[in-house]
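# A look at the structure
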Amino acid sequence: MIPSLHSSASTKLRLPSFAATRASLRLTSEEISDTEWDLVVIGAGPVGVSAALLAARAPYNKKVALIDNPRASGALMNEATGEDLSIGGPTGLFSKALRDTGKRISVSSLKGMGLRDDSVWNEIVTSCVELASSNARDTVRQLEYAGITYITGNAAFADSGGSSSLFVTSSDNFITNIQAKKILIATGSTPFRPGGIPFDNKRVFDSDSINTLSHLPKSVAITGSGIIAIEFAKIFKNLGADVTLIIRDNIPRNALMKIGLDKDIAATLVADLARSGINIERGAQVKKFHVPRDNAKAPIVLDLEAKGGGSRPSGAATTLKCDIYLAAVGRKPNTASLNLQAAGIKADSYGGIEVDAGLKSSSSDGNVYAAGDVLGRPFLASTGMAQGFAAIRSMFDAQLASDTANDTVTESADECIVGELCMTGENFDPKSLASNPFAFPVGVWSSPEAAYYGLSTQQCKEMGIDAGEGVALYAECLRGLVFSPNGLLKLVYDKSNGQIVGVHICGDDACELIHYGMELVKAERTIDDILKNLYSAVTFHEMYRIAALAAVDGAGARKRRAEIGKALAKRNRGEQ
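The model shown is predicted, which means the values in this text are computed figures rather than measured ones.

The sheet built from 3 strands is open, its strands ordered S16-S17-S18 with antiparallel pairing. Each of the sheet's edge strands pairs with one partner strand only, and the pair in question is strand S16 (284-290) and strand S18 (319-322). Each strand of the sheet is rotated relative to its neighbour by a mean of 35°, with strand direction disregarded. Taken together, the 4 bridges between strand S17 (residues 300-306) and S18 define a ladder with antiparallel strand orientation. Among the inter-strand pairings, valine 301 is bridged to a residue of S18, identified as lysine 321.

What follows is the structure, encoded as structure tokens:
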């Protein structure tokens with residue numbers, strides 16, 4: 001929800017209770033109930049939308065309905081138009097838009113021109129809306145062109161009727177029954193809300209409700225040490241706020257290593273946080289919140305204590321004042337309202353749906369599949385979409401093969417849908433993803449970015465691989481030295497044959513650069529292969545060759561990095 005776009009009730013443009021569209025035709029609730037759908041997808045994030053589109057298009061050509069309840073999911077809404085700005089977008093769409101807006105808009109310059117904080121915030125929000133709206137409208141266009149019926153409301157399995165019957169409750173409490181041959185649950189995740197935190201979605205937020213922020217804060221306190229916490233810390237710092245990160249670990253680098261980051265990448269991110277002026281309260285947690293109820297301008301006061309309780313060390317802060325507070329302490333599957341038990345669907349203690357290798361749940365009729373965050377970790381849009389594709393293929397490939405066995409194969413039937421994502425579900429179920437370090441790349445959309453693929457040196461050690469490292473600093477390539485000197489790229493390789501088994505990056509465009517690194521690992525390329533390649537000048541890709549050179553001349557590389565590091569430190573301090 002974008003608060004600055006709120007309007008009076010008389011001027012709001014509300015969507016119909018059932019905004020059901022198939023191509024350009026509107027379906028009544030009776031027509032929706034009378035239709036037996038080949039597939040109903042619950043959830044219109046990137047996982048649900050991409051899976052629905054795959055099923056509706058050739059070669060499957062299924063009759064598909066997509067159900068979503070955007071107002072119940074912490075989604076972005078344009079209240080002036082009733083437009084769901086998050087349809088087809090990832091959970092972190094708001095933070096990504098805010099991050100990119102912060103890069104384009106200089107808050108200090110706008111304030112220097114005499115603009116008030118509310119005017120600056122409106123400029124920021126308008127830019128975010130434009131970015132989100134462009135994505136949303138393109139998604140709607142694709143759904144309409146594919147002939148998918150989009151239904152707004154809250155879906156849940158009926159108490160009787162097995163796992164093929166759903167009830168959809170609209171915003172005005174009108175209930176429609178839907179029958180489906182196959183169902184895909186892709187309802188995503190919701191922020192974990194620890195007890196004792198007085199969430200009010202006005203000054204105390206989680207990582208979804210922060211979407212409702214209605215002003216530019218002067219100071220922000222964030223609890224968390226993971227990807228989301230770091231992303232928002234840099235976002236608000238870039239927007240001119242004083243930011244404090246409250247983390248339980250005494251060594252911030254360790255907290256990042258627990259979520260999979262290489263030790264040097266984690267150290268680089270932490271160093272950037274400190275260099276940016278972000279305060280980090282280590283080994284701390286909030287003991288008590290003092291949130292003013294009658295004065296929106298009075299600061300929130302946080303009483304701090306040591307990790308696990310008790311007094312903090314001498315000299316450490318015991319209180320902290322801030323305009324807003326954000327808890328970014330993890331996410332959990334969004335399945336609580338689906339009435340899974342009625343359909344015979346098993347879930348773990350966190351609400352994560354249990355599935356087999358084909359992404360099929362334990363539903364009573366054997367027809368319900370799940371994909372994305374509803375399955376639990378890794379909570380990434382990329383892996384969720386891969387699971388969605390795999391689930392659709394698991395549902396319909398056998399039928400498609402039977403239907404076309406005696407027919408002439410057409411161009412569309414022979415088409416590979418999404419390259420390697422055509423692979424079967426056994427590669428993308430949660431157990432396979434958790435056990436396969438080469439299953440997917442990971443990107444941290446902070447500023448600077450961080451990304452990795454494959455093994456770290458520590459993982460190699462645990463697996464009995466004698467691994468080496470080749471490191472290149474951003475400042476060692478011309479583009480990095482001139483435009484973005486802070487950062488590094490690391491190649492992890494098997495010393496026995498030079499094969500690259502992992503790539504780790506922190507710096508500008510890391511989330512783009514990692515895909516070349518992923519291809520090096522998957523193609524079993526070696527350090528020698530990289531040294532034989534020619535890379536275009538004034539590109540970040542030159543770092544791959546610099547890192548490969550460092551792998552064969554470690555001593556010389558360390559001396560070069562030391563000298564460059566000294567020069568860079570002076571540059572960061574403003575010295576000549």
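Okay, back to it.
Attention now moves to the sheet that holds strand S25 (residues 488-494). Taken in spatial order, the 5 strands make up an open sheet running S22-S23-S26-S25-S24, and their pairing is antiparallel. Each end of this open sheet is capped by a strand with a single partner; those strands are strand S22 (442-444) and strand S24 (467-473). For this sheet the average axis-to-axis angle between neighbouring strands, irrespective of direction, equals 10°. Pairing of S24 with S25 involves 7 bridges; the strand directions are antiparallel. By the bridge assignment for S25, glycine 470 is matched with leucine 491. Strands in contact with helix H13 (residues 510-522) are S22, strand S23 (449-454) and strand S26 (500-507); relative to S23, the strand with the most contacts, it is inclined by about 10°.

On average, residues of the chain score 85 in pLDDT, and 88% of them are at 70 or above. Low pLDDT (under 50) marks residues 1-25, which in the prediction has 69 contacts with non-local residues, meaning those over four places away or in another chain. A low-confidence stretch, residues 408-426 (pLDDT under 50), is modelled with 26 contacts involving residues beyond four sequence positions or located in other chains.

Attention shifts here to the pattern of salt bridges. Oppositely charged side chains may form a pair once their charged atoms are brought near each other. The full count for this structure, using the stated rule, is 18 salt bridges. Lysine 181 is the partner of aspartate 38 in a salt bridge, and the nearest nitrogen-oxygen pair spans 3.5 Å. Residue aspartate 38 is found in strand S3 (residues 36-42), and its partner lysine 181 is found in strand S10 (residues 175-185); the two are separated by 143 residues along the sequence. On the basis of relative accessible area, aspartate 38 is assigned to the buried category, the value being 16%. Two residues, arginine 193 and aspartate 206, come together in a salt bridge whose shortest N-O distance is 2.7 Å.

What follows concerns unusual backbone geometry. With an omega of 15°, the peptide bond between arginine 377 and proline 378 qualifies as cis. Here proline 378 is to be found in the loop between strand S21 (368-370) and helix H9 (381-403). Put simply, serine 447 and proline 448 share a cis peptide bond, and its omega is 10°. The residue proline 448 is located in the loop between S22 and S23 in this model. The phi dihedral of asparagine 339 falls on the positive side, at around 55°, and the residue is not glycine. Following the sequence through the fold, asparagine 339 ends up in the loop between strand S20 (331-333) and S21.

Right, let's get into the nonpolar core. Counting residues in hydrophobic clusters, the biggest one holds 112 residues, and the most contacted among them are Val40, Ile124 and Ile185. In terms of residue count, the dominant contributor to this core is helix H5 (residues 117-145) (9 residues). Once residues lying within four places of it in the same chain are set aside, the contact partners of isoleucine 124 are Leu98, Thr101, Ile105, Val107, Leu216 and Leu239. If you look at the next biggest cluster of nonpolar residues, it comprises 28 residues, including Cys477, Met543, Ala548 and Ala551.

Attention now goes to the packing of aromatic side chains. A complete count under the given rule lists 7 aromatic pairs for this structure. Judged by centre distance (5.1 Å) and plane angle (50°), the ring pair of tyrosine 474 and phenylalanine 540 falls under tilted. With tyrosine 474 in the loop between S24 and helix H12 (478-483) and phenylalanine 540 in the loop between helix H14 (527-532) and helix H15 (542-552), the pair connects residues that are 66 residues apart, well separated along the chain. With respect to burial, tyrosine 474 and phenylalanine 540 carry one shared label: buried. Ring plane angle 80° and centroid distance 6.1 Å describe the contact between tyrosine 516 and tyrosine 535, whose orientation is recorded as edge-to-face. Of this pair, tyrosine 516 sits in helix H13 while tyrosine 535 sits in the loop between H14 and H15, placing them 19 residues apart in sequence. Classification of tyrosine 516 as partly exposed rests on a relative accessible area of 25%. Directly above the aromatic system of phenylalanine 540 lies the positively charged group of arginine 479, at a separation of 4.4 Å from the ring centroid.

On to helix H16 (residues 554-572). Relative to the 27 Å expected for 19 residues at 1.5 Å per residue, H16 spans 26 Å between its end C-alpha atoms, a close match to the ideal helical length. Listed as buried for H16 are Gly556, Ala557 and Leu568. The buried residues of H16 all sit within an arc of 95° when viewed along its axis, so they share a single face. Set apart from the buried face of H16 by more than 90 degrees, the exposed residues are Arg558, Lys559, Glu563 and Lys566. Residues of H16 that are buried sit in contact with H15. Count one or two residues on from H16 and you reach glycine 574, which has phi positive near 85°.

A surface patch of nonpolar side chains, about 470 Å² in accessible area, is lined by Leu478, Leu481, Val482, Phe483 and Val538. Structurally, the position occupied by valine 538 is in the loop between H14 and H15. On the basis of relative accessibility, which here comes to 41%, the residue valine 538 falls in the partly exposed class.

A few words now on the environment of serine 311. Following the sequence through the fold, serine 311 ends up in the loop between S17 and S18. On the basis of relative accessible area, serine 311 is assigned to the exposed category, the value being 71%. Placed 27 residues apart in sequence, serine 311 and alanine 284 show a C-alpha to C-alpha distance of 9.6 Å.

Topologically, serine 165 is positioned in strand S9 (residues 165-169). Judged by relative accessible area, serine 165 falls into the buried class, the value being 4%. Separated by 3.1 Å, the side chains of serine 165 and glutamine 179 make a polar contact. Discounting residues that sit within four places of it in the chain, serine 165 has contacts with Ala156, Phe157, Ala158, Asn177, Ile178 and Gln179.

Relative to the helices and strands, arginine 203 resides in the loop between strand S11 (189-191) and strand S12 (204-206). Buried charge without a partner: arginine 203 forms no salt bridge, and the closest opposite charge is aspartate 323, 4.6 Å away. Of note is the side chain of arginine 203, whose polar atom sits 3.1 Å from the backbone oxygen of aspartate 323.

Interhelical geometry of helix H3 (residues 93-104) versus helix H6 (residues 227-238) gives an angle of 35° and a closest axis separation of 9 Å. Between H3 and H6 lies a crossing whose hand is left-handed. On H6, the residues that touch Ser95, Lys96, Leu98 and Arg99 of H3 are Glu231, Phe232 and Ile235. Looking at side-chain class alone, the contact of H3 with H6 contains 3 nonpolar, 1 polar and 3 charged residues.

The rules behind these values
Residue positions are given per chain, counting from 1 as you read along its sequence in written order. Only residues with pLDDT of at least 70 get local features here, since the model is predicted, and only at 80 or more are side-chain atom pairs given and counted; chain-wide, interface and lining totals rely on the full set of residues. Excluded from the side-chain calculations are hydrogens and water; all other atoms, namely the structure's heavy atoms, are used. A pair of strands is labelled paired if DSSP reports no fewer than 2 bridges between them. Numbered from the N terminus, helices here are DSSP runs of H or I no shorter than four residues, and strands are runs of E no shorter than two. With axes taken as lines fitted to C-alpha atoms, and helix axes fitted only over the stretch in contact, angles between N-to-C directions fall between 0 and 180 degrees. We call two residues contacting when some pair of their heavy atoms lies within 4.5 Å. pLDDT is defined as a per-residue confidence score from the predictor, taking values between 0 and 100. Each reported salt bridge corresponds to a side-chain nitrogen of Lys or Arg within 4 Å of a carboxyl oxygen of Asp or Glu. Relative accessibility under 20% of the residue-type maximum defines a buried residue, over 50% an exposed one, and the middle range a partly exposed one, all with a 1.4 Å probe and only protein chains included. By nonpolar core we mean a set of buried residues, namely Ala, Val, Leu, Ile, Met, Phe, Trp, Tyr and Cys, connected to one another through side-chain atoms within 4.5 Å. Only Phe, Tyr and Trp rings take part, Trp by its six-membered ring, and two of them pair if their centres are within 6.5 Å. Stacked means planes under 30 degrees apart, edge-to-face means over 60, and tilted covers everything else. Two conditions define a charge sitting above a ring: the NZ of Lys or the CZ of Arg must be within 6 Å of the ring centre, and it must be within 35 degrees of the ring normal. Given a helix with a known number of residues, its expected span is that number minus one, times 1.5 Å. An arc is given here, and it is the one of the directions from the helix axis to the C-beta atoms. Candidates for patches are residues over 30% relative accessible area with no salt bridge; among them, like charges are joined within 9 Å and nonpolar side chains (Val, Leu, Ile, Met, Phe, Trp, Tyr) within 5 Å. Per-residue and other accessible areas were derived by the Shrake-Rupley procedure at a 1.4 Å probe size, with only the shown protein chains allowed to occlude residues. Nitrogen and oxygen atoms within 3.5 Å of one another constitute a polar contact, given that in protein one can donate a hydrogen and the other can accept it, and given that sequence-neighbouring residues count only through two side-chain atoms. Neither His nor the chain ends is counted toward charge; the positive residues are Lys and Arg and the negative residues Asp and Glu. Each crossing gets its handedness from the near helix: less than a right angle anticlockwise from the far helix is left-handed, clockwise is right-handed. The nonpolar class holds Ala, Val, Leu, Ile, Met, Phe, Trp, Tyr, Cys and Pro. Asp, Glu, Lys and Arg form the charged class, and all remaining residues, Gly among them, are polar.

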